[in-house]
Amino acid sequence: MAKAIRFFELNTGAKIPSVGLGTWQSSPGVVGEAVALAVKGGYRHIDCAEIYENQKEIGTVLKKLFDDGVVKREDLWITSKLWCNSHAPEDVPESLNRTLQDLHLDYLDLFLVHWPVSMKKGSVGFEPENLTQPDIPSTWKAMEALYDSGKARAIGVSNFSVKKLGDLLAVARVPPAVNQVESHPVWQQHKLHEFCKSKGIHITGYSPLGSPGTGSIKTEVLKNPVLSKVAEKLSKSPAQVALRWGLQMGHSILPKSTNEARIKENFDVFDWSIPEDLFAKFSEIEQERLIKGTGFVHETLGAYKNIEELWDGEL
Ligand code: A2P
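Residues numbered from 1 in each chain as written. Predicted model: local features only at pLDDT ≥ 70, side-chain atom pairs only at ≥ 80, totals over all residues. Heavy atoms only, no water.

Novice: Would you mind going over the pairing of strand β11 (residues 202-206) with me for this structure?
Specialist: Within a regular beta strand, the side chains point alternately toward one face of the sheet and then the other, so they alternate between its two faces. For β11, the tally of buried residues reaches 5 of 5 residues, placing the bulk of the element in the interior. Of the two faces of β11, the one carrying His202, Thr204 and Tyr206 and the one carrying Ile203 and Gly205 are both buried. One ladder, built from 5 bridges, connects strand β10 (residues 178-182) with β11; its direction is parallel. Following the sheet pairing, Val178 is matched in β11 by His202. (Buried < 20%, exposed > 50% of the residue type's maximum accessible area, 1.4 Å probe, protein only. Helix = DSSP H or I, 4+ residues; strand = E, 2+ residues; numbered from the N terminus. Pairing = 2+ DSSP bridges.)

As structure tokens, then:
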């Protein structure tokens, strides 16, 4: 069996590089350097979003990497995401244009609806008063127009449950190519995985290291005893084992780091694999969703009264 997993093919025929650099929580001032280090170290996929408030710095670095001949645009995969305050159909192309301008690009490889949540146009922050009723079919039509225009070479969603994906598939002319969701050994999402597989929707896993410090100590991914044991047996770090688990699930993964050694470590996941007997041990790991989206639910405002409704019970 070939051990290298460098690309996955999407339902558009495009090949998404399997390891991308995550940029959520990478502060302005350090994110640019992280992107430059990653690309020089072989990464060909950068995951961005307008809400991360660092796209301008990433754009400056991308331009320099292209100008200096370090990498060609066509060899790089750039994803970005539509924020919740731009779901109105007329705001969707504007949002993409803003992102393209910030990133100094004329197209994105993938544009995602960031959450199945909508907020008042132009609203800033996460106050419940900003929440409105999403109209995903209308937003998706506007996304499809961007796909038709070629400015977004693939379109998809993020943080969608099986139920919400099913509802979208029922009305979509262009099916989503990707659902980007939390995915790591402590939140394996088997039901969503099987559904996406059956519908030809690729999963990209965010927080593939469990965003250390996010959950309880009990569920800390990198301290998980199963992971530690497997890592010891394979002489790899727990982080590398968590990432390799994602690749062997068939997911692309987006480890975030701004540290040179860890950026390198997280890319050293191609020429080895977790053998089947050890891979089977991951089913013993206690499960917990770490990114719950509590800021998107409210008893009376917006679309979801509680997180059960946001995730359609997939908790
Ligand atoms: P840093 O940026 O200082 O490397 P996730 O991608 O799951 O959200 O996790 C990102 C977090 O994990 C960041 O705090 C990052 O810190 C840290 N991290 C990234 N790579 C590694 C690694 N190989 N080992 C341990 N921690 C890591």
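Novice: How should the UniProt feature "binding site: substrate" (unreviewed entry) in the chain be read in this particular structure?
Specialist: The feature "binding site: substrate" (unreviewed entry), as annotated in UniProt, sits at His114 in this numbering. Assignment of secondary structure puts His114 in the loop between β6 (110-113) and β7 (118-119). Relative accessible area serves as the criterion here: at 6%, His114 is assigned to the buried category. The contact partners of His114, leaving out residues within four places of it in the chain, are Ala49, Ile51, Tyr52, Lys81, Leu82, Trp83, Ser158 and Asn159. (UniProt positions renumbered as here; feature names shortened; annotations may be inferred. Contact = heavy atoms within 4.5 Å.)

Novice: Before we go on, may I ask you to explain the packing of aromatic side chains in this structure?
Specialist: Where two aromatic rings form a pair, the distance of their centres and the angle of their planes describe that pair. This model, assessed by the stated rule, comprises 9 aromatic pairs. Relative to Phe296, the ring of Trp83 lies with its centre 6.2 Å away and its plane at 55 degrees, an arrangement referred to as tilted. Of the two residues, Trp83 is situated in the loop between β5 (77-82) and α3 (91-103) and Phe296 in the loop between α10 (276-280) and α11 (307-310); the sequence distance between them amounts to 213 residues. The same class applies to Trp83 as to Phe296, namely buried. Consider the rings of Phe126 and Phe296, whose centres lie 5.8 Å apart with planes at 45 degrees: the pair is tilted. Here the residue Phe126 occupies a position in the loop between β7 and β8 (131-132), and Phe296 occupies one in the loop between α10 and α11, the gap between them amounting to 170 residues. (Phe/Tyr/Trp six-rings, centres within 6.5 Å; stacked < 30°, edge-to-face > 60°.)

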